[in-house]
Amino acid sequence: QVQLVESGGGLVQAGGSLRLSCAASGRTFSNTVMGWFRQAPGKEREFVAAITWSGGTTYYVDFVKGRFTISRDNAKNTVYLQMNSLKPEDTAVYYCALDLHAVIFRTRDRDYDYWGQGTQVTVSS
């Protein structure tokens, strides 16, 4: 049984930084992709970034490029999302998700097979 557990959310002022973690367990993760999504109140869940477990190749949505960095530690089965220069519009619940069947990076949430419970990020102005 795959489990994804996020941590690291919190309250931060605009311009600040947070690092989210997603600890994965329950199977081997080679040839899979881990993604981060977020959902703000009243909005649909949206893709943020993704990384391949095997090679560490990354993909970002345009509005976080240069501010967010996704990385992974294979030994710890953990994926990170370093978020810098945070803005109030980054306020959302952030989810990590696992795509077992990716051959390219996919950005639709319905393409991902497993989800964490989410962690709240609040950026004050």
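Everything here concerns the structure above.
Everything numeric here is computed off the predicted structure, so don't read it as measured data. (Residues numbered from 1 in each chain as written. Predicted model: local features only at pLDDT ≥ 70, side-chain atom pairs only at ≥ 80, totals over all residues. Heavy atoms only, no water.)

A. Broad picture of the packing of aromatic side chains. Applying the stated criterion to the full structure yields 8 aromatic pairs. Each ring, one from Y59 and one from F105, has its centre 5.5 Å from the other, and the planes form 10°; the classification is stacked. With Y59 in strand β6 (residues 58-60) and F105 in the loop between β9 (92-99) and β10 (114-115), the pair connects residues that are 46 residues apart, well separated along the chain. Under the relative-accessibility criterion, F105 is labelled partly exposed at 23%. In this structure an aromatic cluster arises from ring pairing among F37, F47, Y59, Y95, F105, Y112 and W115. Against the face of Y95 rests R45, its NZ or CZ located 5.3 Å from the ring centre. The positively charged end of R45 is found above the aromatic ring belonging to W115, 3.8 Å away from the centroid. (Phe/Tyr/Trp six-rings, centres within 6.5 Å; stacked < 30°, edge-to-face > 60°. Helix = DSSP H or I, 4+ residues; strand = E, 2+ residues; numbered from the N terminus. Buried < 20%, exposed > 50% of the residue type's maximum accessible area, 1.4 Å probe, protein only. Lys NZ or Arg CZ within 6 Å of the ring centre and 35° of its normal.)

B. Representation of the sheet that holds strand β8 (residues 78-83) within the structure. The 4 strands lie next to each other as β1-β3-β8-β7, forming an open sheet whose pairing is antiparallel. Each of the sheet's edge strands pairs with one partner strand only, and the pair in question is β1 (3-7) and β7 (68-73). Direction aside, the axes of adjacent strands within the sheet are offset by 15° on average. The pairing of β1 with strand β3 (residues 18-25) spans 5 bridges and is antiparallel. (Pairing = 2+ DSSP bridges. Axes fitted to C-alpha atoms, helices over the stretch in contact; angles between N-to-C directions.)

C. Quick look at the nonpolar core. M34, W36, L81, M83 and Y94 are the most contacted members of the largest nonpolar core, which has 30 residues in total. Secondary-structure elements contributing two or more residues to this core are β3, β4 (33-39), β5 (46-52), β7, β8, β9 and β11 (119-124). Ignoring sequence-local partners within four residues, the contact set of M83 consists of G16, S17, L18, L20, R67, F68, Y94 and V121. Listed in part, the 7 residues of the second largest apolar core include V33, F37, F47 and A50. (Core = buried A, V, L, I, M, F, W, Y, C linked by side-chain atoms within 4.5 Å. Contact = heavy atoms within 4.5 Å.)

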